[in-house]
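Chain by chain, the residues:
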Amino acid sequence: MSEVKKIATRDGYGSALVELGAENPNIVALDADLAGSTKSGMFKKAYPDRFFNCGIAEGNMMSIAAGLAAAGMIPFASSFAMFAVGRAYEQIRNSIGYPHLNVKICASHAGISVGEDGASHQCLEDIELMRGIPGMVVMCPADYIEAKACVRAAAEHDGPVYIRFGRSPVPVVFPEDYKFEIGKGNVLREGKDVSILTNGLCVASSLEAAEMLAKDGIDAEVINICTVKPLDEELVVKTAVKTGKVVTVEEHSIIGGLGSAVAECLSEKRPTRMYRIGVRDVFGESGPAGELLHKYMLDGEGVYKQVKEFVKG
Amino acid sequence: MNVQELKRTANQVRKNIITAVYYAKAGHPGGSLSSAEIYTYLYMKEMNVDPADPGSPDRDRFVLSKGHTCPGLYGVMAERGFFDREELKTFRHVGSRLQGHPSMRMLPGIDMSTGSLGQGISCAVGIAAAAKVKGKSYRTYTLLGDGEIEEGQVWEAAMFASAKKLDNLCAIVDNNNLQIDGTLEEVNSPYPIDKKFEAFGFHVINVADGHDFDQLAAAFAEARTVKGQPTVIICKTTKGKGVSFMENNAGWHGKAPNEEEYKIAMADLERIGESL
């Protein structure tokens, strides 16, 4: 296999934010003492007067972001997903979501690929929490290119947005000229036997799995569902009709994330046999990201094995 | 508006509070009544607001951090001309713009949706920070309950406001000394409130009688002169002020009067009005 270019989605966040900062003076950024890690520090370096380090106080940061938005700014607020969304859930719900304020919550270090820090820092429930807030757009980009596109789309969207970024470098799967639209999924590989709906770093795993499945004579369709909310229901139903078997793959709990969103859609519109691949209602643990993804069967091999078993069963 | 007119307006705000809560059969009269003069001073004297242009980017902002006392805010907004007094009777009814806790999406003139204690001051801090970024001269005011400051987020917001030198922010604490479960000391004393804000870098102004317009006028005037740090005005008040049976009674924190109690309350306020 040739060497694939790898870069973390959080780097896409930082560079897109710097670009946007030059274009729009109303864009401001906030962080909670993790600017170096979330990459909001890139914005801080470029526009120190429009950056607010709130210190280790995530709830306060979210409400301050709400106030900035109420005064006409476009705030991007960052921390690790665990604290941005977990610690500050109620502030996001009441200060940002309820008044539908134009705040962009950009959380890094989501999922088990955080690695060595372990379960306390591996947020597997963020998509679930954010998806439940009325009016919140929820995105989980697959690579550096899509991450940048999500940030740009978020800035153009009027209303609250949650974007989930990862810590670990992941393969670049999209071309430089990739056209992204909020709420639109995209078919990355056509197939007829099974549909694999995925997002985040699991897009690369799913594409790898699809090649392995092809060698076994299973023709998998791979669809990137970056926007979990609003879900591209038309595309989800279309592929379910086409293959009759749907698997979701995500670096998130199987409860409440992409798998749940797809299941909710299909059970109402087109009941279809389904299997949810993700973290199966357990906490993560310490270890190198790659080894954890392997153990929790979210790498290409793990996805391949689970999809194959589902298709055969 | 002179002091006598302010007193009459505050008394009318109290009638508005009782009316709203009575027709809603729910709501929070105690802490609304204790802030009646504060609301009146802010909306009739202190703040640059225009009911005809409630979204003006240069207006002063008010965030009711103790959102449950919105009957007082609605009461003064009606007097300032944001809407008709009659609409107060829709408070907490289905379809009303006057939600149980303020909603900026439903009622023009509300600068921030609040209700969850501790968050409003942070939002006010964000609004004040935006003025600094944009070079605007508007001021931001936020009213907190004394029980509310038990929320840790209040102190996170206070730390940020002084660290970022937000001298365009003026917090007000309604120190009526009662919260749902009893006196502040009985529940979880936040005293000394002034020393705590001082330690967090605020310019502190203690107002011995938060129902005295001369004292309020002096405090708000002093706040405007402060540079390089935020200000907090701590007002000693009486919960339920103006209604005989509600005064200093924690039981009237979040309860509506029945018809008989409503009549007594309005008669109390009528008498006070006649004396003004």
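Residues numbered from 1 in each chain as written. Chains lettered and ligands numbered in written order. Predicted model: local features only at pLDDT ≥ 70, side-chain atom pairs only at ≥ 80, totals over all residues. Heavy atoms only, no water.

1. Digging into the sheet that holds strand 9 (residues 186-189) of chain A
All names here are of chain A. For clarity, the cut-off: At least two bridges found by DSSP between two strands is the condition for calling them paired. Under the scheme used here, helices are H or I runs from DSSP no shorter than 4 residues and strands are E runs no shorter than 2 residues, and both carry numbers assigned from the N terminus. Throughout, an axis means a line fitted to C-alpha atoms (over the contacting stretch in the case of helices), and angles, computed between N-to-C directions, take values from 0 to 180 degrees.
An order of 9-11-10-13-14 is seen for the five strands of this open sheet, with the pairing classed as mixed. Each end of this open sheet is capped by a strand with a single partner; those strands are strand 9 and strand 14 (273-279). Recorded for the sheet is a direction-independent mean angle of 25° between the axes of neighbouring strands. Examined bridge by bridge, strand 9 and strand 11 (residues 220-224) share three bridges and lie antiparallel to one another. Bridged to Asn 186 within strand 11 is Asn 224.

2. Some words on the domain arrangement of chain A
Residue and element names in this part refer to chain A. This is how the line gets drawn: Domain delimitation in this document rests on an assignment produced automatically or drawn from a domain database. It only takes one pair of heavy atoms within 4.5 Å for two residues to be counted as in contact. When two parts are brought into contact, each loses some accessible area as probed by a 1.4 Å sphere; the total of that loss over both is the buried area. The salt bridge criterion pairs a side-chain nitrogen of Lys or Arg with a carboxyl oxygen of Asp or Glu, the two atoms within 4 Å. Any pair of nitrogen or oxygen atoms within 3.5 Å is treated as a polar contact; in protein, a donor-acceptor pairing is required on top of that, and neighbouring residues in sequence qualify only through side-chain atoms on both sides.
Here the domain parsing of chain A yields domain 1 (6-171) and domain 2 (186-312). On a C-alpha basis, the centres of domain 1 and domain 2 stand 25 Å from each other. Each partner contributes residues to the interface: domain 1 has 32 residues there, and domain 2 has 33 residues. Surface buried jointly by domain 1 and domain 2 totals about 2,300 Å² across both partners, of which 59% is contributed by carbon and sulfur atoms. Counting the surface domain 1 buries against domain 2, the share from its top three residues, Ile 112, Leu 124 and Arg 131, is 31%. In this structure, the connection of domain 1 to domain 2 is made through one salt bridge. Arg 131 serves as the salt-bridge partner of Glu 264, at 3.0 Å between the closest nitrogen and oxygen. Summed over the shared surface of domain 1 and domain 2, the result is 19 residue pairs in polar contact (both at pLDDT 80 or more).

3. Some details on the interface of chain B and chain A
Contact residues are listed per partner, giving 25 residues for chain B and 27 residues for chain A. Between chain B and chain A, the buried area comes to about 1,900 Å², and carbon and sulfur atoms account for 60% of it. The largest contributions to the chain B side of the interface with chain A come from B:Gln119, B:Val133 and B:Phe160, which together make up 24% of the buried area. On inspection of chain B and its partner chain A, the count reaches zero salt bridges. For the side of chain B that touches chain A, the secondary-structure elements that each account for two or more residues are helix 5 (119-134) and helix 6 (152-163) of chain B. With ten residues, helix 5 of chain B is the largest single contributor of residues to the side of chain B that touches chain A.

4. Some points on the sheet that holds strand 2 (residues 27-31) of chain A
Sheet strands pair by backbone hydrogen bonding; their relative direction is either parallel or antiparallel. All names here are of chain A. Strand order in this open sheet of seven strands is 3-2-4-5-7-6-12, and the pairing throughout is mixed. In this open sheet, the two strands that pair with only one neighbour each are strand 3 (51-53) and strand 12 (227-229). Going from strand to strand, the sheet's axes swing by 20° on average, the running direction of each strand aside. Examined bridge by bridge, strand 2 and strand 4 (residues 74-80) share five bridges and lie parallel to one another. Bridge assignment links Leu 30 to a residue of strand 4, and that residue is Ala 77.

5. Here we look at the layout of surface pockets
Here is the rule we go by: Cavities and pockets were defined on a 1 Å grid built from protein atoms only: a cavity is a group of points that admits a 1.4 Å probe but offers it no way out, a pocket is an open group of points flanked by protein on both sides within 12 Å along at least five of seven lines, and a lining residue is one with an atom within 4 Å of any such point. Grid points are joined across faces, edges and corners, and a volume is the space filled by probe spheres set on the points. Throughout, the ten residues Ala, Val, Leu, Ile, Met, Phe, Trp, Tyr, Cys and Pro are labelled nonpolar, Asp, Glu, Lys and Arg are labelled charged, and all others, Gly among them, are labelled polar.
For the second largest pocket, the calculated volume is near 330 Å³. Lining the second largest pocket are 24 residues; nearest its centre among them are A:Ala69, A:Ala70, A:Ala71, A:Gly72 and B:Met104. Elements with a minimum of two residues in the lining of the second largest pocket: helix 4 (58-70) of chain A together with helix 5 of chain B. Of the residues belonging to the lining of the second largest pocket, the class tally is twelve nonpolar, five polar and seven charged.

6. Quick notes on the environment of A:Gly14
All names here are of chain A. The criterion, for reference: Between buried and exposed lies partly exposed: a residue is buried under 20% and exposed over 50% of the maximum accessible area for its type, with that area taken using a 1.4 Å probe on protein chains only.
By the secondary structure assignment, Gly 14 is in helix 1 (residues 9-23). When its relative accessible area of 0% is taken as the criterion, Gly 14 is described as buried. With 210 residues separating them in the primary sequence, Gly 14 and Asn 224 have C-alpha atoms 22 Å apart.

7. A closer look at the side chain of A:Ser15
All names here are of chain A. Examined against the element boundaries, Ser 15 turns out to sit in helix 1. Engagement of the side chain of Ser 15 in a polar contact is seen with the backbone oxygen of Gly 12, the distance being 3.5 Å. Contacts of Ser 15, omitting those with residues within four sequence positions, involve Met 42, Tyr 144 and Lys 148.

8. A short note on the pairing of strand 6 (residues 203-207) of chain B
Residue and element names in this part refer to chain B. Where we set the bar: Convention used here: a crossover is right-handed provided that the path from the first strand, over the helix, to the second strand proceeds clockwise when the strands point away from the viewer.
Relative to strand 7 (residues 231-236), strand 6 runs parallel, the two being bridged by five bridges. Among the inter-strand pairings, Ile 205 is bridged to a residue of strand 7, identified as Ile 233. For the crossover that starts at strand 6, traverses helix 9 (residues 213-225) and ends in the parallel strand 7, the hand is right-handed.

9. Notes on the pattern of salt bridges
Residues and elements named next belong to chain B. Inspection of the entire model under this criterion finds 28 salt bridges over all chains. Linking Glu 270 and Lys 15 is a salt bridge whose minimum nitrogen-to-oxygen distance equals 2.9 Å. With Glu 270 in helix 10 (residues 259-275) and Lys 15 in helix 1 (residues 3-24), this residue pair connects regions lying 255 residues apart in the sequence. Linking Glu 46 and Arg 224 is a salt bridge whose minimum nitrogen-to-oxygen distance equals 3.0 Å. Here Glu 46 is found in helix 3 (residues 36-46), whereas its partner Arg 224 is found in helix 9, with 178 residues between them in sequence.

10. Overview of empty space enclosed by the protein
Residues and elements named next belong to chain A. Going through the model one piece at a time under the given rule, you end up with three cavities of 30 Å³ or more. If you add up the space inside the largest cavity, you get close to 110 Å³. Lining of the largest cavity is provided by 13 residues; of these, Thr 9, Phe 165, Gly 166, Leu 201 and Glu 251 occupy positions nearest its centre. Of the residues belonging to the lining of the largest cavity, the class tally is seven nonpolar, four polar and two charged. Mapped onto the domain boundaries, the lining of the largest cavity takes at least three residues apiece from domain 1 (6-171) and domain 2 (186-312).

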